[in-house]
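Given next are the chains, with one letter for each unit.
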Amino acid sequence: MWVVDGHNDLVSRTWRGDEVRHVHLDAAAEAGFAGGFFALFIPSPKPPNPSSAHYALPLPEPIPTDEAARVAEELYDIFCDLPVELATSPADFGPGRVAAILHLEGAEPLAPDLSDLERWHERGLRSIGLVWSRANAFAEGVAFRFPSSPDTGPGLSAAGRELVRACNELGILVDLSHLNEAGFWDVAGLSDAPLVATHSNAHALCPSSRNLTDEQLDAIGASGGVVGVNFAVSFLRADGAAEAATPLSEIVRHARYIADRIGIDHVAFGSDFDGALMPDELGGIAGFPKLLDALGADGFDEDAVAKIAHGNWLRVLGETWT
Ligand code: ZN
């Protein structure tokens, strides 16, 4: 079985000069890792860092467009140097090779008048998260809080609405992860593509502001979209704790909940590898076979596991990248 994954931060991790912890590409073949979304993420100078299980962190400061654009060029160069194929079609994915979707996590590097969007599209950009968890010209990201609803701020700006329309026109996926709830519903009302949260979980199981309420899950399901289950322990556990001794069953629990609520066609993986604290039991991409076995042991049959592993992502990409 081979896996397409909704989110990793290998590029930012490499940019910072930190050691790769999870996405060891030389182990991809053995792990069945066929790639997925590779984020270009511009770090905030002072990243929010919860000091206890209950937290309500302020949004980091916005990053000016020119500064973000400068860093994005450096991130893009790192992306281009990865030993992977650029993915611009679902047919680019398959067993035995790694394909990478160029994904912008936070649209800060884009000019608010979108004058450089087509250039990025020509480079292969096929997925944009309007925001990371801070404000920019397009929208406001969800603040990191636990426990909290995702309703932490205002919705899309006029530029943000234009960006969604432009993405629909160009066939760029719009990622809802990190948006606050008002922004989520703005996109849901505007977009004519399936709704996608690349790396978010079920709020009913883990009441983090980063997770999706039942109503949000229902909207994603009704649109034919997909939720990539995030493996970050803080977004899995009912207590929200940053505790690496978290069993794989926590990932299965979210996959089961989402599948039961909105259907097996709408759940996938969105690991957050190299961007967050993972369950020890999983490690990095080498843990995918173990995770697929755990899904099977929970009663997902082979067809269902294949949908979660790659089928649902490929369907949604095919419907979005028109
Ligand atoms: Zn993220």
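Refer to the preceding data block for the structure.
Every chain is numbered on its own, with residues counted from 1 as its sequence reads. Confidence filtering applies because this is a predicted model: local features only for residues at pLDDT of at least 70, side-chain atom pairs given and counted only at 80 or more, and all residues used for totals across whole chains, interfaces and linings. Hydrogens and water molecules were not included; the side-chain quantities draw on all heavy atoms of the structure.

Below, the discussion takes up the state of the cysteines. Simply put, the disulfide is a covalent bond whose two ends are the sulfur atoms of two cysteines. When the sulfur atoms of two cysteines come within 2.5 Å, that pair is taken as a disulfide. In this structure the tally under the stated criterion is zero disulfides. Here C167 stays unpaired: no disulfide links it, and the sulfur of C80, its closest cysteine neighbor, is 19 Å away.

Before going further, it helps to spend a moment on the pairing of strand β1 (residues 3-8). Any residue under 20% of the maximum accessible area for its type is buried, any over 50% is exposed, and the rest in between are partly exposed; the area is computed with a 1.4 Å probe on protein chains only. Secondary structure elements follow DSSP: runs of H or I no shorter than four residues count as helices, runs of E no shorter than two count as strands, and numbering proceeds from the N terminus. Within β1, six of the six residues are buried, which leaves the element mostly enclosed by the surrounding structure. The sheet contact formed by β1 and strand β2 (residues 33-40) spans three bridges and is parallel. The residue of β2 that forms the bridge with N8 is F38. Only strands that DSSP links by at least two bridges are regarded as paired with each other.

Okay, the coordination of the zinc ion next. Atoms are scored as donors when they are N, O or S and lie within 2.8 Å of the metal, with 3.2 Å used for Na, K and Ca; no water is included, so coordination may look incomplete. Only E105 (OE), H178 (NE2) and H199 (NE2) from the protein coordinate the zinc ion, and they sit 2.1 to 2.2 Å from it. Along the chain, the residues that donate to the zinc ion are spaced as E-x72-H-x20-H. Of the two residues, E105 is situated in strand β5 (residues 99-105) and H199 in the loop between β9 (196-197) and α7 (214-222); the sequence distance between them amounts to 94 residues. Taken individually, E105 and H199 each receive the classification buried, so the pair is uniform in this respect.

Moving on, we get to the pairing of β2. Among the eight residues in β2, eight count as buried, and that is most of the element. Bridging between β2 and β5 involves six bridges; their strand directions are parallel. Residue pairing across strands places A39 opposite H103, the latter belonging to β5.

Mapped onto the elements, E169 comes out in helix α5 (residues 158-170). E169 gets classed as exposed once you look at its relative accessible area, which sits at 72%. Sequence separation of E169 and D298 is 129 residues, and the distance between their C-alpha atoms is 40 Å.

Residue pairs three or four apart in sequence face the same way in an α-helix, which turns once every 3.6 residues. Each helix should span, by expectation, one fewer than its residue count multiplied by 1.5 Å. For α5, spanning 13 residues, the distance from its first C-alpha to its last is 18 Å, which sits close to the expected 18 Å at 1.5 Å a residue. Those residues of α5 lying buried are A159, G160, L163, V164, A166, C167 and N168. Looking one or two residues past α5, G171 carries a phi angle of roughly 75°, positive in sign.

To form a nonpolar core, buried Ala, Val, Leu, Ile, Met, Phe, Trp, Tyr and Cys residues must be joined to one another through side-chain atoms within 4.5 Å. Ranked by internal contacts, the top residues of the largest apolar core, which has 92 residues, are F33, I128 and L163. If you tally residues by element for this core, the top one is helix α3 (residues 65-81), at seven residues. Every residue pair with non-hydrogen atoms within 4.5 Å of one another is taken to be in contact. Not counting residues within four places of it along the chain, the set of residues in contact with F33 comprises V3, D5, N8, V23, L25, A28, F38, R97, V98, I285 and F288. One finds V4, F37, I101 and W313 within the second-largest nonpolar core, a separate group that totals 17 residues.

Right, let's talk about unusual backbone geometry for a bit. One can expect most non-glycine residues to show negative phi and most peptide bonds to be in trans. The step from F146 to P147 runs through a cis peptide bond, and the omega angle for that step is -10°. Notably, H178 is not glycine yet its phi reads approximately 80°, a positive angle. Tracing the backbone through its elements, the reader meets H178 in the loop between β8 (173-175) and α6 (181-190). The exposure class assigned to H178 is buried, which follows from its relative accessible area of 5%.

Ring pairs are drawn from Phe, Tyr and Trp, using the six-membered ring of Trp, whenever the two centres fall within 6.5 Å, and their geometry is named by plane angle: stacked under 30 degrees, edge-to-face over 60, tilted for the rest. With the rule as written, the count across this model stands at 13 aromatic pairs. Ring geometry for F33 against F288: centres 6.2 Å apart, planes inclined by 5°, an arrangement best described as stacked. With F33 in strand β2 and F288 in helix α10 (residues 288-297), this pair connects stretches of sequence that are 255 residues apart. For F288, a relative accessible area of 0% translates into the label buried.

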